[in-house]
Structures are given as C-alpha cells and as structure tokens.
Amino acid sequence: MHNIVACVVTYNRIKKLKKCIESLLLQIYQNFDIVVVDNGSSDGTREYLKELSENNRIDFEETDINIGGAGGFNFAIKSIYYKYEYLWLMDDDTYPKNDALENIVNKIKFLGNSFGYMSSLVLWNG
C-alpha cells in the first residue's frame, strides 16, 4: 500500500473524470493510489469506475446520492483517512500537470512534515 492517495470527487461528468484519471496516471511520481468518490452519477460513471477498479491502484466509493463536492470530500476523508498518511483532494475537473505530485512530495521532504496542510497552485483554464 502507498502512503498517498488522490481522492477525486465526481458527479455526472464522466468526460472530465476520464481526463482527470488520465492526468493522474501520467504523474511522474507513481507511488500513490487513486480513490474516486461518485456522488450517485447516472451517466455511466459507475460502470467506468468498475472497469478502473481492476487496476490495483484505483478504487471507488459510492455515496448513492449527490452530497456535493464538500460532502464528497468529507465522505472520502472519513472513509479512507486511516489508510494513508497524505490525502490529495480534487474535483473531477482537476487535471494536474505530470510533475504536480512529484513537486508536492519534494515539498513534504523539504518541510520535514512540519505543516498542517499543503495546496497546489490552481490555475483556471476556462
């Protein structure tokens, strides 16, 4: 098991979710898992996630109803926080650059775990 997990919250945006997952799988730093929280999507997301779960690094949780982005993050944190040291939270329309997690890991090492939380630089690309 890895000590970092990327938590992605989604609801009926399968195209964005696929792009997000692709971005995560292309990360230079590969020592992490992916968990997708599906807020009760009805657009084929559940079937897509079942296919993805065949990959040992990717898992998913279902809330069965749309509890919103914040609700999805809360659900993810309560469901998986005890399995990992670090949680990387994002919505399904987040497409991290290939070196995003590598940069975060380098900052963790530099700071020596002397931080409460860390945030990536977020850029809007309309």
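Read on for a plain summary of the structure. (Residues numbered from 1 in each chain as written. Predicted model: local features only at pLDDT ≥ 70, side-chain atom pairs only at ≥ 80, totals over all residues. Heavy atoms only, no water.)

Notes on the sheet that holds strand S4 (residues 86-91)
The strands making up a sheet associate through backbone hydrogen bonding, with each pair oriented either parallel or antiparallel. Rules: Should DSSP find at least two bridges between two strands, the strands are regarded as paired. Here a helix means four or more residues in a row that DSSP labels H or I, a strand means two or more in a row labelled E, and each is numbered from the N terminus. Axis definition: a line fitted to C-alpha atoms, over the contacting stretch in the case of helices. Angles run 0 to 180 degrees between N-to-C directions.
Strand order across the open sheet formed by four strands is S3-S2-S1-S4, with parallel pairing between neighbours. Here the strands that pair on one side only, and so sit at the sheet edges, are strand S3 (58-62) and S4. On average, each strand axis in the sheet is inclined to that of its neighbour by 20°, with strand direction left out of account. As paired strands, strand S1 (residues 4-10) and strand S2 (residues 33-38) are joined by six bridges and run parallel to one another. From the neighbouring strand, Ala 6 faces S2, where its bridge partner is Ile 34.

Looking at the side chain of Arg 57
As a reminder of what qualifies: A simple rule labels every residue: compare its accessible area, found with a 1.4 Å probe on the protein chains alone, to the largest value its type can have, and call it buried under 20%, exposed over 50%, or partly exposed in between. A positive count includes Lys and Arg, and a negative count includes Asp and Glu. His and the chain ends are not counted in either. One side-chain nitrogen of Lys or Arg within 4 Å of one carboxyl oxygen of Asp or Glu is enough to make a salt bridge. The contact rule is simple, with two residues in contact once any of their heavy atoms fall within 4.5 Å.
One can find Arg 57 in the loop between helix H2 (45-52) and S3. For the buried Arg 57, which has no salt bridge, the nearest side chain bearing the opposite charge is Asp 33, at an N-O separation of 5.0 Å. Sequence-distant contacts of Arg 57, defined by excluding residues within four places in its chain, comprise His 2, Leu 25, Gln 30, Phe 32, Asp 33 and Ile 34.

These figures capture arrangement, not role.
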